[in-house]
Amino acid sequence: MAAAENGPTKVEEGAASIDGPTNPMVTPLLTDLYQFTMAYAYWRAGKHDERAVFDLYFRRNPFGGEFTVFAGLEECIKLIANFRFTEDEISFIQASLPASCEIGFYDYLRQIDCSNVEIHAISEGCVVFPKIPLMRIEGPVAVVQLLETPLVNLINYASLVATNAARHRFVAGESKLLLEFGLRRAQGPDGGISASKYCYMGGFDATSNVAAGKLFGIPLRGTHSHAFVSSFMSSDEITEKSLKSSDGSNVCEDFVSSVQAWLRKLKWSRLLGGIFGETNQSELAAFISYALAFPHNFLALVDTYDVMRSGIPNFCAVALALYDLGYKALGIRLDSGDLAYQSCETRKFFQTIEKEFRVPNFGKTSITASNDLNEETLDALNKQGHEVDAFGIGTHLVTCYAQPALGVVFKLVEINNQPRIKLSEDVSKVSIPCKKRCYRLYGKEGYPLVDIMTGENEPPPKVGERILCRHPFNESKRAYVVPQRVEELLKCFWPGRSGKDREELRPIKVIREWCINQLGQMRPDHMRRLNPTPYKVSVSAKLYDFIHFLWLNEAPVGELQ
Ligand SMILES: Nc1ncnc2c1ncn2[C@@H]1O[C@H](COP(=O)(O)OP(=O)(O)OP(=O)(O)O)[C@@H](O)[C@H]1O
Ligand SMILES: O=P(O)(O)OC[C@H]1O[C@H](OP(=O)(O)OP(=O)(O)O)[C@H](O)[C@@H]1O
Ligand SMILES: O=C(O)c1cccnc1
Ligand SMILES: [Mg+2]
């Protein structure tokens, strides 16, 4: 069956009912040319079916932090499950490779799929660390080679932006509502859709992106823009002025007058008198119109003209008129200026109204803030003290302004059961050979202590049994650990022909809850923003010895003359 030519498709065999990737551009052609030239050269050499094992991992946590959220796995499995070339795609590859390439290669491409590929991966939404394979991909070398670029692509941004979201959540605190507002600033439509999906996974509460709401069931939220406010000239524009009470028992025939009456009361009130004089009447008209359209969900963007002298009093007048009819206004949004100061002043204004006019809970009316927010500004607001309940965050969040890529890599670790290593002058770039198993070891206090990689056939670490955990490259760094809990990290998400059970892909809401829960269980010093403690990533003593044996074997001995 053709892969995702017209949006998501289903495979016929092996993976019944796995849809194609969300983005129909994710096809087997979404790869680098060199994957095809290598596939051809493997085929030409008769090597294409040699069994290869690749690890997909990253080398450094992003944003100067010491943790990463793994995301993008479901889209990878959707690609794998539907990985077949169409005739049209094969013709294009044929036209793109040199004419000297033998025709038999295209017959080979015609029949490949991922039924002989096996994928083990860490569960999506897991907190992960450098060097540990996020995915282990095993299969015919030519096929797995073709998968390198799309798999790295699907994991890179997804994990980066999910981590960015988790970091914003960490600074904002659990109690704040976090809204992703980034679609207009995202790197194209796919960037926008992916950002909404993975920011939700990383701990945001909702998105303004309607398509993402439909595709993934993410809660949708939004306010209104300055254009709506400035499009009104005066309340004369409001012709339909009546509003039914919330319980339908009576009708206010002139809601505009009711709002104006409240505005006068506010102006002459003992406690609020002097804060404002004449408010902007076109802004008031906009707020009244919005309230008439959404009496149950009234909120107002209050910074178009002047927050304290116009926006806030106008909002309050409308909210109080709504209150008389049994409605509760949702709140305001601030989108410029000093958000700490303005939110505090606004809160005082709301609380004064609650007291002076005996409106229960008016003091708690929600304050949303937006405008170029990022981790630093959230942190600064916390330090100054603020009264913001919800943050709308766009540009910095979705573009990952602070770090544009995660640096995920895909390295061959074994072929035909022979472990392979990639050496580098830079020790951090030396790959860890062998088909491996990975475990997370938990300590007495319930925190994860260390991740450890072992050879595939080594016995697993056991609860209560001491195990030596070694830094993979630094001889002097090692520690004994007596785990209180052992969790195997790599699970089978695509069994190929192995006959193993396939892990179910979990719904995004479940992944999100699990992710938030795990982030909350990390030892706080790994999570802090300033100088966080690195989480330990280690190898077993046996794997350590083997890495260094292979290293010495492969590295030529220099000769001094
Ligand atoms: N109390 C605060 N402490 C630190 N940073 C803040 C505080 N309040 C707002 N900011 C940030 O300061 C920056 C203000 O940006 P800028 O000067 O461009 O906006 P503005 O002039 O207030 O509004 P605009 O130009 O959009 O009308 C934003 O990034 C905002 O998030
Ligand atoms: O600031 P971000 O984190 O990207 O959040 C989204 C922004 O998008 C909207 O306005 P837009 O930036 O389009 O116009 P404005 O800055 O002139 O209000 C909104 O008012 C936010 O300011
Ligand atoms: O709903 C909002 O307030 C919103 C949506 C997108 C961008 N800025 C604001
Ligand atoms: Mg802006």
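The name given to the protein in an unreviewed UniProt entry is Nicotinate phosphoribosyltransferase, with the source organism recorded as Perilla frutescens var. hirtella. Recorded in UniProt for the protein, the comment headed Function (unreviewed entry) runs: "Catalyzes the first step in the biosynthesis of NAD from nicotinic acid, the ATP-dependent synthesis of beta-nicotinate D-ribonucleotide from nicotinate and 5-phospho-D-ribose 1-phosphate. Helps prevent cellular oxidative stress via its role in NAD biosynthesis." Under the heading Catalytic activity (unreviewed entry), UniProt records this for the protein: "5-phospho-alpha-D-ribose 1-diphosphate + nicotinate + ATP + H2O = nicotinate beta-D-ribonucleotide + ADP + phosphate + diphosphate".

Chemist: How would you sum up the side chain of Arg-470? Please name residues and give values.
Modeler: Relative to the helices and strands, Arg-470 resides in strand S18 (residues 467-470). Despite its burial, Arg-470 pairs with no opposite charge; the closest candidate is Asp-545, at 4.5 Å N-O. Polar side-chain contacts of Arg-470 include one of 3.0 Å to the backbone oxygen of Glu-475. Not counting chain neighbours up to four residues away, the residues in contact with Arg-470 comprise Glu-475, Lys-477, Arg-478, Ser-538, Val-539, Ala-541 and Tyr-544.

Chemist: So what about the site of ligand 1? Which residues, and what values?
Modeler: The local shell around ligand 1 consists of Ser-336, Gly-337, Asp-338, Leu-339, Ala-340, Asn-371, Asp-372, Leu-373, Thr-377, Ala-380, Leu-381 and Gln-384. Side-chain polar atom of Gln-384 to a nitrogen atom of ligand 1: 2.7 Å apart, as the coordinates give it. Relative to its unbound accessible surface of 640 Å², ligand 1 loses 55% to contact with the protein. Elements supplying a minimum of two residues to the shell around ligand 1: helix H12 (339-356) and helix H13 (375-384). The element that contributes the greatest number of residues to the shell around ligand 1 is H13, accounting for 4 residues. Tallied by class, residues from the shell around ligand 1 come to 5 nonpolar, 5 polar and 2 charged.

Chemist: Break down helix H5 (residues 141-172) for me, citing the residues and quoting the values.
Modeler: The end-to-end C-alpha distance of H5, which contains 32 residues, comes to 45 Å, matching closely the 46 Å that a straight helix rising 1.5 Å per residue would cover. Counting buried positions along H5 gives 29 out of 32 residues, so the element sits mostly inside the fold. Residue Gly-173 follows H5 closely and has a positive phi angle near 95 degrees.

Chemist: So what's going on with the UniProt feature "domain: Nicotinate phosphoribosyltransferase C-terminal" (unreviewed entry) in the protein? Residues and values would help.
Modeler: In the numbering adopted here, UniProt assigns the feature "domain: Nicotinate phosphoribosyltransferase C-terminal" (unreviewed entry) to residues 435-546. Across residues 435-546, helical content stands at 21% and strand content at 31%; the span's end C-alpha atoms are separated by 12 Å.

Chemist: Can you break down the sheet that holds strand S13 (residues 390-393) residue by residue, with the values?
Modeler: Judged by pairing direction, the sheet is parallel, and its 6 strands sit side by side in the order S7-S6-S13-S12-S11-S10 without closing on themselves. On the outer flanks of this sheet lie strand S7 (206-207) and strand S10 (299-301), each paired with one strand and no other. For S10 and strand S11 (residues 331-334), the ladder comprises 3 bridges, and the chain directions are parallel. Considered in S11, the bridge of Leu-301 is made with Arg-333.

Chemist: Go over the pairing of strand S12 (residues 366-369) with me, naming the residues and quoting the values.
Modeler: With 4 bridges joining them, S11 and S12 adopt parallel strand pairing. Paired with Leu-334 across the two strands is Ala-369, which belongs to S12. Note that S12 and S13 share 2 bridges and pair parallel. Opposite Thr-368, over in S13, you have Ala-390 as the bridge partner.

Chemist: So what's going on with the sheet that holds strand S15 (residues 418-419)? Which residues, and what values?
Modeler: Read from one edge to the other, the open sheet built from 6 strands follows the order S15-S14-S1-S5-S3-S21, with strand pairing classed as antiparallel. Here the strands that pair on one side only, and so sit at the sheet edges, are S15 and strand S21 (491-494). In this sheet, strand S5 (residues 135-140) lies alongside strand S3 (residues 118-121) in antiparallel orientation, the contact comprising 4 bridges. Across the sheet, His-120 pairs through a bridge with Arg-136, a residue of S5. Across the sheet, H5 lies against strand S1 (51-58), S5 and strand S14 (408-415), angled at about 155 degrees from S5, the strand it touches most.

Calculation criteria
Residues numbered from 1 in each chain as written. Chains lettered and ligands numbered in written order. Predicted model: local features only at pLDDT ≥ 70, side-chain atom pairs only at ≥ 80, totals over all residues. Heavy atoms only, no water. UniProt positions renumbered as here; feature names shortened; annotations may be inferred. Helix = DSSP H or I, 4+ residues; strand = E, 2+ residues; numbered from the N terminus. Buried < 20%, exposed > 50% of the residue type's maximum accessible area, 1.4 Å probe, protein only. Lys, Arg positive; Asp, Glu negative; His and termini not counted. Salt bridge = Lys/Arg side-chain N within 4 Å of Asp/Glu carboxyl O. Polar contact = N/O pair within 3.5 Å; in protein donor to acceptor, adjacent residues only side chain to side chain. Contact = heavy atoms within 4.5 Å. Near = heavy atom within 4 Å. Areas by Shrake-Rupley, 256 points an atom, 1.4 Å probe, with all protein chains shown as cover. Nonpolar A, V, L, I, M, F, W, Y, C, P; charged D, E, K, R; others polar. Expected span 1.5 Å × (residues − 1). Pairing = 2+ DSSP bridges. Axes fitted to C-alpha atoms, helices over the stretch in contact; angles between N-to-C directions.

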